[in-house]
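# Survey of secondary and tertiary structure
Okay, here's what each chain looks like letter by letter:
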Amino acid sequence: MRLTSKLSQAALFVLSLALVLTCYFLFFGRFVASAWQSPQWLIAPIMALGSFVAGATFLGGGAVAFPALTKILHADPSVAKSFSLAIQSVGMTSASLYILLRVRNLPWNFIGIFLPPAFAGIALSLAVIEPYIAATDLRVMFTLFVLGFLAIYLWVYRDRKTHYVDIPPLSRLDVQLTLKAGFLGGVLAGLLGSGADLIAFCLLALYFRLDLKLATQCSVIVMASVSLVGVLLQGTVFQTLPAELTPLWLIAAPVVLVGAPIGAEFCRRIKPRNLLLFVCSIVFAEVISTLALVPLEPTKWWRYFAFALVIGLLLTTLHRISNRKDHRSQHPAKPE
């Protein structure tokens, strides 16, 4: 009976997806055809990978879209950021709906506390902070943050006994950390088009020690929600959606609508160790592309080093606080 129910849910989702795609091409087919020209068509294969990464990992589609647009297509960083939010509002929402159908033990208490300050953070970022930070610095700092987190996570990943399938009732410290993390994630999302998912994953994996796959699925839902709010704010309140965004979105939208749920199913079925290896390969590509394609000013090396040092200290401190946290009410994850 349970297998039949799961198959029915999967069939319902596939049929709904097919209906949405049919309606999309009926309404926008001719616009997609006119937008399909060089080099814009490259966004389709780029976002095929990006949407898969968005559904399968904590990095988000923006982690592929932002560097690809700025480094390969030479798009303006503001266009790349807006595109990341717009395309994630489609792909990661599609993946989130699939996750909601397939996963039952999501940490809703964490999500409910994380999202409101994330919405405030992205609003502040879009309204005030964005004009004052250089795009190159943002790109390098995002790469350093991802690399720093992965290094710390690989260090703590060795002890599989400390991974759990749920989080406990939140204490005052838990709530404070979640609120601050949500706000920081929203600010990053407003600057880079992604980041709220990575911050949420950091807290879930290093502090609450949630299972890798469950933390990833939670981060997808977080980023989908933040992306939707970001696009809504840009389109209605600030009216800052660039005109160059439309043809890119028209080409990529049907790709990510399908690719992100496939990534979510990949995340659900793959072993955590193999998922981590996949994430390592994406982070490695991010680091190499930054070193090869982003012009690094020698006068700023000390800033980047200081930033990397601060990130390492913060993440290490978060893990040490978790060591003092009472995890007895949580249920350990099954060994691989």
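Rules used in this analysis
- Residues numbered from 1 in each chain as written.
- Predicted model: local features only at pLDDT ≥ 70, side-chain atom pairs only at ≥ 80, totals over all residues.
- Heavy atoms only, no water.
- Helix = DSSP H or I, 4+ residues; strand = E, 2+ residues; numbered from the N terminus.
- Rg over C-alpha atoms; globule rule 2.2 N^0.38 Å.
- Contact = heavy atoms within 4.5 Å.
- Areas by Shrake-Rupley, 256 points an atom, 1.4 Å probe, with all protein chains shown as cover.
- Lys, Arg positive; Asp, Glu negative; His and termini not counted.
- Charge placed at Lys NZ, Arg CZ, Asp CG, Glu CD.
- Axes fitted to C-alpha atoms, helices over the stretch in contact; angles between N-to-C directions.
- Parallel < 35°, antiparallel > 145°, perpendicular 65-115°, else oblique.
- Left-handed = near helix turned anticlockwise from the far one by under 90°.
- Nonpolar A, V, L, I, M, F, W, Y, C, P; charged D, E, K, R; others polar.
- Core = buried A, V, L, I, M, F, W, Y, C linked by side-chain atoms within 4.5 Å.
- Buried < 20%, exposed > 50% of the residue type's maximum accessible area, 1.4 Å probe, protein only.
- Phe/Tyr/Trp six-rings, centres within 6.5 Å; stacked < 30°, edge-to-face > 60°.
- Patch = residues over 30% accessible without salt bridge, like charges linked within 9 Å, V, L, I, M, F, W, Y side chains within 5 Å.
- Salt bridge = Lys/Arg side-chain N within 4 Å of Asp/Glu carboxyl O.
- pLDDT = per-residue confidence, 0-100.

Looking now at the overall build of the protein chain. The helix and strand tally for the protein chain stands at 12 helices and 0 strands. Along the protein chain, helices and strands appear, N-terminal first, in the series α-α-α-α-α-α-α-α-α-α-α-α. Relative to its length of 336 residues, the protein chain is compact, with a C-alpha radius of gyration of 19 Å against a globular reference of 20 Å. Long-range pairs, those at least 24 residues apart, make up 88% of the contacts in the protein chain between residues at least 6 apart in sequence. Split by element, the accessible area of the protein chain, about 15,500 Å² in all, is 70% carbon and sulfur. When the 26 basic and 14 acidic side-chain charges of the protein chain are each reduced to a single mean position, those positions are 9 Å apart.

So, on to the packing of helix α3 (residues 62-71) against helix α11 (residues 272-293). Packed helices, taken two at a time, are described by the angle between their axes plus the distance between the axes. As a packed pair, α3 and α11 sit with axes 11 Å apart at the nearest point and diverge in direction by 20°. Between α3 and α11, the crossing angle belongs to the class labelled roughly parallel. Read as a crossing pair, α3 and α11 show a hand that is left-handed. Each of Ala 63, Pro 67 and Lys 71 in α3 lies in contact with α11, whose residues at this interface are Glu 286, Ser 289, Thr 290 and Leu 293. Of the residues assigned to the contact of α3 with α11, the class counts are 3 nonpolar, 2 polar and 2 charged.

With 103 residues, the main nonpolar core has Ile 43, Met 47, Leu 59, Phe 83, Phe 110, Phe 149 and Val 226 as its most contacted residues. Excluding anything up to four places from it in sequence, Phe 83 contacts Ile 43, Met 47, Ala 65, Leu 69, Leu 245, Leu 248, Trp 249 and Ala 252.

In this model, Arg 209 sits at a positive phi of 60°, which is unusual for a non-glycine residue. For Arg 209, the location among the structural elements is in the loop between α8 (196-207) and α9 (212-237). A residue is classified by how much of its surface remains accessible, and Arg 209, at 8% relative accessible area, is buried. Its identity is not glycine, yet Gln 239 carries a phi of approximately 50°, on the positive side. For Gln 239, a relative accessible area of 64% corresponds to the exposed category.

Scanning the entire structure with this criterion turns up 7 aromatic pairs. Ring plane angle 90° and centroid distance 5.7 Å describe the contact between Phe 52 and Phe 278, whose orientation is recorded as edge-to-face. A residue pair is termed long-range when its members are at least 10 positions apart, and Phe 52 in helix α2 (residues 43-56) and Phe 278 in helix α11 qualify at 226 residues. Overall, Phe 52 belongs to the partly exposed group, its relative accessible area being 22%. Judged by centre distance (5.6 Å) and plane angle (65°), the rings of Phe 266 and Phe 278 are edge-to-face. Separated by 12 residues along the polypeptide, Phe 266 in helix α10 (residues 245-269) and Phe 278 in helix α11 bring together distant segments of the chain. Overall, Phe 266 belongs to the partly exposed group, its relative accessible area being 28%. Chaining the aromatic ring pairs together yields one cluster made of Phe 110, Phe 114, Tyr 207 and Phe 208.

Before going further, it helps to examine the side chain of Asp 174. Within the element layout of this structure, Asp 174 appears in helix α7 (residues 172-192). Beyond its immediate sequence surroundings of up to four residues, Asp 174 is in contact with Pro 169, Tyr 207, Phe 208 and Lys 325.

So, on to a nonpolar patch on the surface. Together, Leu 124, Val 128, Tyr 132, Ile 133 and Phe 183 make up a nonpolar patch on the protein surface, roughly 470 Å² of accessible area in all. Relative to the elements of secondary structure, Tyr 132 occurs in the loop between α5 (108-129) and α6 (135-157). Residue Tyr 132 is classed as exposed on the basis of its relative accessible area of 70%.

Moving on to the pattern of salt bridges. In the structure shown here, the tally under the stated rule is 6 salt bridges. Between Asp 137 and Lys 300 there is a salt bridge, with the nearest N and O atoms lying 3.2 Å from each other. Taken together, the positions of Asp 137 in helix α6 and Lys 300 in the loop between α11 and α12 (301-324) put the pair 163 residues apart, joining distant regions of the chain. When its relative accessible area of 10% is taken as the criterion, Asp 137 is described as buried. For Lys 300, a relative accessible area of 13% gives the class buried. Salt-bridge contacts for Arg 268 lead to Glu 265; the nearest nitrogen and oxygen are separated by 3.2 Å.

When pLDDT is low, close inspection of the predicted coordinates is not appropriate. Mean pLDDT over the protein chain stands at 84; residues scoring 70 or higher make up 94%. Averaged pLDDT values for the elements of the protein chain fall to 74 in helix α1 (residues 2-35) and rise to 95 in α5.

Glancing now at the environment of Gly 230. Here Gly 230 shows up in helix α9. When the C-alpha positions of Gly 230 and Gly 190 are compared, they lie 7.1 Å apart, and in sequence the two are 40 residues distant.

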